[in-house]
Amino acid sequence: MRKFAKFLLLSLCMMAILAACGEGNNQDDSEEAIETVGEGTNEEELEDGMTIGDPEVTDVTLRLNWRFKGEFSPFFVAQEKGFFEKYGLHVDVLEGNGSTSTMQAVAQGQDDFGITSTVEPSQGLVEGMPIKMIASYMNRSPIMIASHPDTPVESPQDLEGKSIGMSIASTFTNIYPFFLESNDVDESLVDSVQVESSARNGLFLNKEVDAVAIFSTNEYPLFERELGVELTPLYLADFGYDLVGLTLIGNDSFLEENPNTVKRFLAAIDEAFEYTLANKDEAVELVMEQFPDAMDEETALMQLELLEEIALFDEQPYGWMSEENMEDTLDILEMSDLISERYEVDRYYTNEYFEQ
């Protein structure tokens, strides 16, 4: 009986030791799996089921197309909250000076990724630039007509008998005559004032024009704050002119040579967008610490909220590009002579770096 008791006690001890060792090994495996998402030792399955191999390069740059705005918050959140780091990347997010210069920097290999609209890369391809669109974070156009509440423009026909300010050589100015024609507006009855952007803003703020063509995620909240009134918005997308915006481009050679880096980059931004839009106040507070002189927090938050309204991705990763949206965009660019030649749609963009 004593021998059996001793044997039973010894067996229980051995089972406890083996269980403890098993728990320790499981913990080590879990920690290693988390590390490999960042370090990329092999192709690992991530929390959402996607598999991404080792990053070919870990230090990359993202060039924005302008100085800080609230709509850029997710990219800085990805940097500051460690989403890039989670995927084994170190990303410098850099301000820019216009979509054309950003596109040129990416085409020349000076920057790895760039933010533009869809217009510039569509034009750049005709010029032989080695670039491709790999994501777009506004699948509804931000281009809008804002008007004073006492002279509201609620439909294109409301422009007749009113004045509108617009920037010289802007995308809006180029598509404007076709926008009026397709919406049965008599252009001769509209006072169209084309000036430089800064002068355009002044005309509207001083109420020298009834309406102004702007971007909802940029000037719209700035104007409302400055004027202290709610303006009347008219989105061109609601009247047949939906140009995809906030588009991410890459250099053809870089994309081909570094597919896993690109996949990790897009996965990090996808998580950053989800986090940013779920925690807008925190995100704005975080980015405003980096850009305290750019604007006030309330304006940055309004810009981010307006981004959320047009970043519409139903069961797709943030940035996923729709073939229908791209075809519609190319239709508008071709009709308004913003592109001199049109190719098959897959030459302009790809979703291959999103894994589902």
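Cut-offs and rules
- Residues numbered from 1 in each chain as written.
- Predicted model: local features only at pLDDT ≥ 70, side-chain atom pairs only at ≥ 80, totals over all residues.
- Heavy atoms only, no water.
- Helix = DSSP H or I, 4+ residues; strand = E, 2+ residues; numbered from the N terminus.
- Axes fitted to C-alpha atoms, helices over the stretch in contact; angles between N-to-C directions.
- Parallel < 35°, antiparallel > 145°, perpendicular 65-115°, else oblique.
- Left-handed = near helix turned anticlockwise from the far one by under 90°.
- Contact = heavy atoms within 4.5 Å.
- Nonpolar A, V, L, I, M, F, W, Y, C, P; charged D, E, K, R; others polar.
- Pairing = 2+ DSSP bridges.
- Salt bridge = Lys/Arg side-chain N within 4 Å of Asp/Glu carboxyl O.

Give a detailed account of unusual backbone geometry, specifying residues and quantitative values.
Positive phi, close to 45 degrees, is recorded for leucine 246, a residue that is not glycine. One can find leucine 246 in strand 12 (residues 245-251).

For the packing of helix 4 (residues 99-107) against helix 5 (residues 119-126), give the residues involved together with the corresponding values.
Running from N to C, helix 4 and helix 5 cross one another at 50 degrees; their axes reach a closest spacing of 9 Å. When the axis of helix 4 is compared with that of helix 5, the two are oblique. Note on packing geometry: the crossing formed by helix 4 with helix 5 is right-handed. Contacts between helix 4 and helix 5 involve Ser99, Thr100 and Met103 from the former and Glu120, Pro121 and Gly124 from the latter. Its residues assigned to classes, the contact of helix 4 with helix 5 comprises 2 nonpolar, 3 polar and 1 charged.

Which residues make up the sheet that holds strand 11 (residues 232-235), and what are the values?
Whenever strands of a sheet pair, they do so through backbone hydrogen bonds, lying parallel or antiparallel. The sheet built from 5 strands is open, its strands ordered 9-8-10-7-11 with mixed pairing. Each of the sheet's edge strands pairs with one partner strand only, and the pair in question is strand 9 (191-195) and strand 11. The average angle at which neighbouring strand axes cross in this sheet is 30 degrees, direction not considered. Where strand 8 (residues 163-167) meets strand 10 (residues 211-215), 2 bridges bridge the pair, whose relative direction is parallel. Bridge pairing links isoleucine 164 to alanine 211 in strand 10.

How would you explain the pattern of salt bridges if you had to name every residue and give the values?
This structure, assessed with the given rule, holds 13 salt bridges. Where lysine 69 meets glutamate 71, a salt bridge forms, and the shortest distance between an N and an O atom there is 3.7 Å. Residue arginine 140 pairs with aspartate 238 through a salt bridge whose shortest N-O separation is 2.8 Å. Linking arginine 140 in the loop between strand 6 (131-138) and strand 7 (143-147) with aspartate 238 in the loop between strand 11 and strand 12, this pair joins segments that are 98 residues apart in sequence.

I'd love a proper account of the sheet that holds strand 6, names of residues and values included.
Ordered in space as 4-3-5-12-6, the 5 strands form an open sheet in which the pairing is mixed. For this open sheet the edge positions go to strand 4 (90-94) and strand 6, each flanked by a neighbour on one side alone. Across the sheet, the mean angle from the axis of one strand to that of its neighbour is 25 degrees, orientation sign disregarded. Sheet strands in contact with helix 4 are strand 3 (59-63), strand 5 (113-116), strand 6 and strand 12, and its direction is about 160 degrees off that of strand 5. Where helix 5 meets the sheet, it contacts strand 5, strand 6 and strand 12, and its direction lies at approximately 170 degrees from that of strand 6.

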